Amino acid sequence: VQKQNPELSEALLEQFPGPGCYDHEKSEWLFFEFFIRNYLPNSPKIQNLLVNIVAQLAQAVSKNVKGTQKYGESLKDAMDFFDVAVDSDRIRDILAQLLADTAAVENLNQEFQIELQSARIEVERLRKELEESQRSARIDSLTRIPNRRAFDDALDQSLSMTDEPTCLLLLDLDHFKQCNDVYGHQMGDRILEIAGGILAGFQTETVFVARYGGEEFAVIVNDRAAVAHDLAETLRQKVSALRLKRKNSTEVIGIVTVSIGLAQAREGETAQNLIERADVALYRAKNNGRNCVVIGSESA
């Protein structure tokens, strides 16, 4: 009436066009479709899996409950009859009916167990889908290393562990825009892919690498500044060994270099302040002629 959800209004009119046509299962389906979905993950595939699992279990439980209630009514009727019955043939008939009803309830329970097993399989499938979805949401699609979102979480976690130092490297590929303009975005993407692959080779329990954005990368090192500086120099040399060549040619048309800013976190320092200090160091590395590593000062 208020037209707040036109799609739901249309579906209601379609499913229940007039008096006396209400159906509980249709109503339940509409509830899942238009309300429950709002609280589910954004992926339509995962939404459908969740809705199907819940609907399947709800239907199985409802069917089982109805069967159990009916069996309870049969038992009550039998007990009422036995209280006054003297006819042996009638007693045999009632017992036979109870046996048949018992078998029917057992069948319902077996069907319910099958439904539960099917739901378990779907839940396991859903768990894998969710894990893959979460992993994909934290991986940069081009370089295949963690993205900015994953980096932010990793840096917060690293700074929360006060028993070991945290160093941050910010890396920026030199003259990258010029490279894109001269050789094209396809070449630029290829350089980013290779740079990401180089960084991925250094990922360990104490080293976290990520694409920070654009042509910038970030490395979190849970160790002293001296160790982080050695790693930065190694990365710089690895990148500077790259040579640009035209397709199907050995002719070198350019080299790739990277500037790196390094900062070690101070006690109680926020992630934002550490990033700012590393960024200032990176800016200095650019001003110092690029293709070098600069350690940041105590303040940004």
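Residues numbered from 1 in each chain as written. Predicted model: local features only at pLDDT ≥ 70, side-chain atom pairs only at ≥ 80, totals over all residues. Heavy atoms only, no water.

1. So, the overall build of the protein chain
Under the convention used in this document: Think of it this way: any DSSP run of H or I at least four residues long counts as a helix, any run of E at least two long counts as a strand, and we number them from the N terminus. A radius of gyration in this sense is built from C-alpha atoms; the matching globule rule multiplies 2.2 Å by the number of residues raised to 0.38. Exposure categories follow from relative accessible area, calculated using a 1.4 Å probe and restricted to protein chains: below 20% of the type maximum is buried, above 50% is exposed, and the middle band is partly exposed. The charged-residue count follows a simple rule in which Lys and Arg add positive charge and Asp and Glu add negative charge, with His and chain termini not counted at all. Positions of charges follow a simple convention, taking NZ of Lys, CZ of Arg, CG of Asp or CD of Glu.
A tally of regular secondary structure across the protein chain gives 9 helices and 7 strands. At 33 Å, the protein chain has a C-alpha radius of gyration far larger than the 19 Å of a compact globule built from 300 residues. Within the protein chain, the proportion of its 300 residues that are buried is 36%. Averaged over its 34 positive side-chain charges, the protein chain has a centre that lies 8 Å from the centre of its 46 negative ones.

2. Thoughts on the sheet that holds strand β1 (residues 167–173)
The criterion, for reference: At least two bridges found by DSSP between two strands are what make those strands a pair. Between N-to-C directions, angles cover 0 to 180 degrees, with each direction set by a line fitted to C-alpha atoms, over the stretch in contact for helices. Pairs of residues are marked as contacts when any of their non-hydrogen atoms sit within 4.5 Å.
Sheet architecture is open: 5 strands sit in the order β2-β3-β1-β6-β7, paired in mixed fashion. One side of each edge strand has no neighbouring strand; the edge strands of this open sheet are β2 (207–213) and β7 (293–295). Strand-to-strand twist across the sheet, computed as the mean angle between neighbouring axes with direction ignored, equals 20°. Note: β1 against strand β3 (residues 216–221), 6 bridges, orientation antiparallel. When the bridges of β3 are listed, D172 appears paired with E216. Across the sheet, helix α9 (residues 271–287) lies against β1, β2, β3, β6 (258–264) and β7, angled at about 145° from β6, the strand it touches most.

3. Looking at the side chain of T257
Rules: Nitrogen and oxygen atoms within 3.5 Å of one another constitute a polar contact, given that in protein one can donate a hydrogen and the other can accept it, and given that sequence-neighbouring residues count only through two side-chain atoms.
By secondary structure assignment, the location of T257 is in the loop between β5 (252–255) and β6. At a separation of 2.6 Å, a polar atom in the side chain of T257 contacts the side chain of D174. Dropping the residues within four chain positions of it, T257 is found in contact with D172, L173, D174, V239, S240 and N291.

4. What to know about the nonpolar core
This is how it is decided: Note on terminology: a nonpolar core comprises buried Ala, Val, Leu, Ile, Met, Phe, Trp, Tyr and Cys residues joined through side-chain atoms within 4.5 Å.
Ranked by internal contacts, the top residues of the largest apolar core, which has 31 residues, are L169, L171, L173, I191, F217, V219 and L235. Looking at this core, the elements with two or more residues in it are β1, α6 (176–183), α7 (185–200), β2, β3, α8 (225–240) and β6. At 6 residues, the largest contribution of residues to this core is made by α7. Once residues within four sequence positions are removed from consideration, L169 is found in contact with F217, A218, V219, A228, L231, A232, L235, I260, G261 and L262. Counting 18 residues, the second largest nonpolar core, distinct from the first, contains Y212, A263, A265 and A271.

5. Points about the packing of helix α1 (residues 6–15) against helix α2 (residues 24–34)
Counted only if it meets this: Throughout this description, any angle smaller than 35 degrees is read as roughly parallel, any larger than 145 degrees as roughly antiparallel, any in the 65 to 115 degree range as roughly perpendicular, and the remainder as oblique. Helix crossings fall into two classes, left-handed where the near helix is turned counterclockwise from the far one by less than a right angle and right-handed where it is turned clockwise.
For the pair α1 and α2, the least separation of the axes is 11 Å and the interaxial angle reads 165°. When the interaxial angle is binned, α1 and α2 end up roughly antiparallel. The way α1 lies across α2 gives a crossing that is right-handed. Here E7, L8, A11, L12 and Q15 of α1 lie close against α2, whose contacting residues are K26, W29, L30 and F34.

6. Some remarks on the environment of A11
Relative to the assigned elements, A11 resides in helix α1. Residues A11 and C21 lie 10 residues apart in sequence; the distance between their C-alpha atoms is 14 Å. Leave out the neighbours within four places in its chain, and A11 touches L30 and F34.

7. Notes on the pairing of β2
For β2, the tally of buried residues reaches 6 of 7 residues, placing the bulk of the element in the interior. Note that β2 and β3 share 6 bridges and pair antiparallel. When the sheet's bridge partners are listed, A210 is paired in β3 with A218. A loop of 2 residues connects β2 with β3, the two strands running antiparallel in sequence, and G214 in this loop sits at a positive phi of about 60°.

8. Focus: unusual backbone geometry
Even without being a glycine, R290 presents a positive backbone phi close to 65°. Looking at the element boundaries, R290 is found in the loop between α9 and β7. We classify R290 as partly exposed; its relative accessible area is 33%. Even without being a glycine, N291 presents a positive backbone phi close to 55°. Inspection of the secondary structure puts N291 in the loop between α9 and β7.

9. What to know about the pattern of salt bridges
Going by this rule: Salt-bridge detection follows one rule: a side-chain nitrogen of Lys or Arg within 4 Å of a carboxyl oxygen of Asp or Glu.
Here the structure, examined in full by the defined rule, presents 10 salt bridges. Salt-bridge contacts for R236 lead to E233; the nearest nitrogen and oxygen are separated by 3.0 Å. A residue pair is termed a helical-turn pair when its members lie 3 or 4 positions apart in one helix, as R236 and E233 do in helix α8 at 3 residues. Where E269 meets R266, a salt bridge forms, and the shortest distance between an N and an O atom there is 3.4 Å. With relative accessibility at 10%, the residue E269 sits in the buried group. By sharing partners, the salt bridges in this structure join D172, D174 and K286 into a single network.

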